[in-house]
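Take a look at the letters that make up each chain.
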Amino acid sequence: MYVVTGATGNIGAELVRALAEDGQQVRAVVRDPARASLPEGVEAVTGDLNRPETLADALDGAHGMYLMPGYENLDELLALAGKSGLARVVLLSSGSAALADLGNAVSRYMTLSEQAVRESGLPWTFLRPRSFMSNALRWLPQLAAGDVVRAQFSWVRVAAVDPADIAAVAARALTGGDLDGRILDLTGPAALLPAEQVAVLAEVLDRPLVCRDLDEEETRAELTATMPRAYAEAFTSFFIDGTLDESEVHPTVREVTGRPPRTFRQWAEAHADAFRTEPA
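Residues numbered from 1 in each chain as written. Predicted model: local features only at pLDDT ≥ 70, side-chain atom pairs only at ≥ 80, totals over all residues. Heavy atoms only, no water.

Moving on, we come to the overall build of the chain. Scanning the chain from N- to C-terminus turns up 12 helices and 9 strands. Expected size for 280 residues packed as a compact globule is a radius of gyration near 19 Å; at 19 Å, the chain falls within 12% of this value. When the 25 positive and 40 negative side-chain charges of the chain are each reduced to one mean point, those points stand 1 Å apart. (Helix = DSSP H or I, 4+ residues; strand = E, 2+ residues; numbered from the N terminus. Rg over C-alpha atoms; globule rule 2.2 N^0.38 Å. Lys, Arg positive; Asp, Glu negative; His and termini not counted. Charge placed at Lys NZ, Arg CZ, Asp CG, Glu CD.)

Attention now goes to the packing of helix α1 (residues 10-21) against helix α6 (residues 163-175). A packed helix pair is summarised by two numbers, namely the angle formed by the two axes and the spacing between the axes. It is the contact of α1 with α6, at a shortest axis distance of 8 Å, that shows an interaxial angle of 50 degrees. Taken together, the axes of α1 and α6 are oblique relative to one another. Considering how the two elements wind past one another, α1 and α6 form a crossing that is right-handed. On α6, the residues that touch N10, I11, E14, L15 and L19 of α1 are P163, A164, I166, A167, A170, A171, L174 and T175. Each residue belonging to the contact of α1 with α6 can be placed in one class, and the counts come to 10 nonpolar, 2 polar and 1 charged. (Axes fitted to C-alpha atoms, helices over the stretch in contact; angles between N-to-C directions. Parallel < 35°, antiparallel > 145°, perpendicular 65-115°, else oblique. Left-handed = near helix turned anticlockwise from the far one by under 90°. Contact = heavy atoms within 4.5 Å. Nonpolar A, V, L, I, M, F, W, Y, C, P; charged D, E, K, R; others polar.)

It is a probe the size of a water molecule, rolled over the atoms, that shows where empty space is left. If you add up the space inside the largest pocket, you get close to 1,100 Å³. Every residue lining the largest pocket is counted, 44 residues in all, and those nearest its centre are S131, F132, N135, F235 and F239. Of all elements in the fold, only α1, α4 (105-120), α7 (194-205), α8 (216-226) and α9 (229-239) reach the threshold of two or more residues within the lining of the largest pocket. Residues that form the lining of the largest pocket fall into these classes: 27 nonpolar, 13 polar and 4 charged. By volume, the second largest pocket amounts to about 250 Å³. Around the second largest pocket sit 16 residues that line it, and G6, V29, V30, R31 and G47 are the ones nearest its centre. Here the lining of the second largest pocket is composed, by residue class, of 7 nonpolar, 5 polar and 4 charged. (1 Å grid on protein atoms, 1.4 Å probe; cavity = no way out; pocket = protein on both sides within 12 Å on 5 of 7 lines; lining within 4 Å. Points joined across faces, edges and corners; volume = space filled by probe spheres on them.)

Before going further, it helps to examine the pattern of salt bridges. Scanning all chains against the criterion turns up 18 salt bridges. We note a salt bridge from R212 to E218, for which the minimum N-O separation is 2.7 Å. The exposure class assigned to E218 is partly exposed, which follows from its relative accessible area of 25%. It is possible to trace a salt-bridge network through shared partners that takes in E114, R118 and R128. (Salt bridge = Lys/Arg side-chain N within 4 Å of Asp/Glu carboxyl O. Buried < 20%, exposed > 50% of the residue type's maximum accessible area, 1.4 Å probe, protein only.)

Next up on the list: the packing of aromatic side chains. Applying the stated criterion to the full structure yields 8 aromatic pairs. Plain terms: the ring middles of W124 and F126 are 4.0 Å apart, the flat faces sit at 15 degrees to each other, and that makes the pair stacked. Relative accessible area serves as the criterion here: at 0%, F126 is assigned to the buried category. Pairing W267 with F275 gives two aromatic rings, centres 5.8 Å apart and planes at 80 degrees, and the pair type is edge-to-face. Here the aromatic cluster, defined as three or more aromatic residues joined through ring pairs, consists of F153, W155, F235, F238 and F239. (Phe/Tyr/Trp six-rings, centres within 6.5 Å; stacked < 30°, edge-to-face > 60°.)

Before going further, it helps to examine the sheet that holds strand β2 (residues 26-30). The 7 strands lie next to each other as β3-β2-β1-β4-β5-β6-β8, forming an open sheet whose pairing is parallel. At either margin of the open sheet sits one strand with a lone partner, and together these are β3 (43-46) and β8 (183-186). Each adjacent strand pair in this sheet contributes to an overall mean axis angle of 20 degrees, direction not counted. Pairing geometry for strand β1 (residues 2-4) and strand β4 (residues 64-67), over 3 bridges, is parallel. Its bridge partner lying in β4, Y2 is registered against G64. (Pairing = 2+ DSSP bridges.)

Okay, the environment of A164 next. Inspection of the secondary structure assignment puts A164 in helix α6. Note: C-alpha distance between A164 and A13 (151 residues apart in sequence) is 8.9 Å.

Attention now goes to the side chain of R207. Structurally, R207 can be placed in the loop between α7 and β9 (210-213). Among the polar contacts made by the side chain of R207, one reaches the main-chain carbonyl oxygen of L143 at a distance of 3.0 Å. A polar side-chain atom of R207 sits 2.9 Å from the main-chain carbonyl oxygen of G146. (Polar contact = N/O pair within 3.5 Å; in protein donor to acceptor, adjacent residues only side chain to side chain.)

In structure tokens:
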């Protein structure tokens, strides 16, 4: 039995599907089981990661858990998992955990989440994916309005990874034992600029999309207008100050799964329907 937290998210939904298709027993932790769309045979359980006691039933008899980062009282949840006999934790983290910068809001919660898992005494695997290809979905409102995409951090190359590839690695880490104690850096096969992603979308969607590159000042303004200040400052530090490099391509997906990571074009083709909105 494998417990998947964040079971309806970008990675969690793919992981639940991968485990179910492999014939594994899965408990999907969701806030409202009645509204969760899950594969046949998957058990939906209610739980709140900020309230560890609500996951007691989900952990009962479980062999492994896929754990989301950044929640309160992770140490209590992990203690509960240890008492239940859990054999393995696969933690979703990020490349920013390697910075161990407790003054950066994003790096802080990734770093502290990894620390809590290490200190739990449970066997673990850390997944450190770079930016997700699915982050391109943030352009949907702009695509609904027209063919111009305003791109933040337009000068930054990122080796973005398909969430399905992260899930495939997570499934291997959960169901095997050979990845225990490993930190896995996960990327796609190429580092692209935002304009290059937009060009791929234009071809896949057969639309005359144009990328409007935002400069540093415009990027800062959009960040502060759309997210809490601490997170705006974190991403500014990563990609304007250059404290985090997400351009390096890692071979981990191929090494773990035996196949190459999906390209951004493959991801875009698989999710084209999500982008097919008529301009206003």
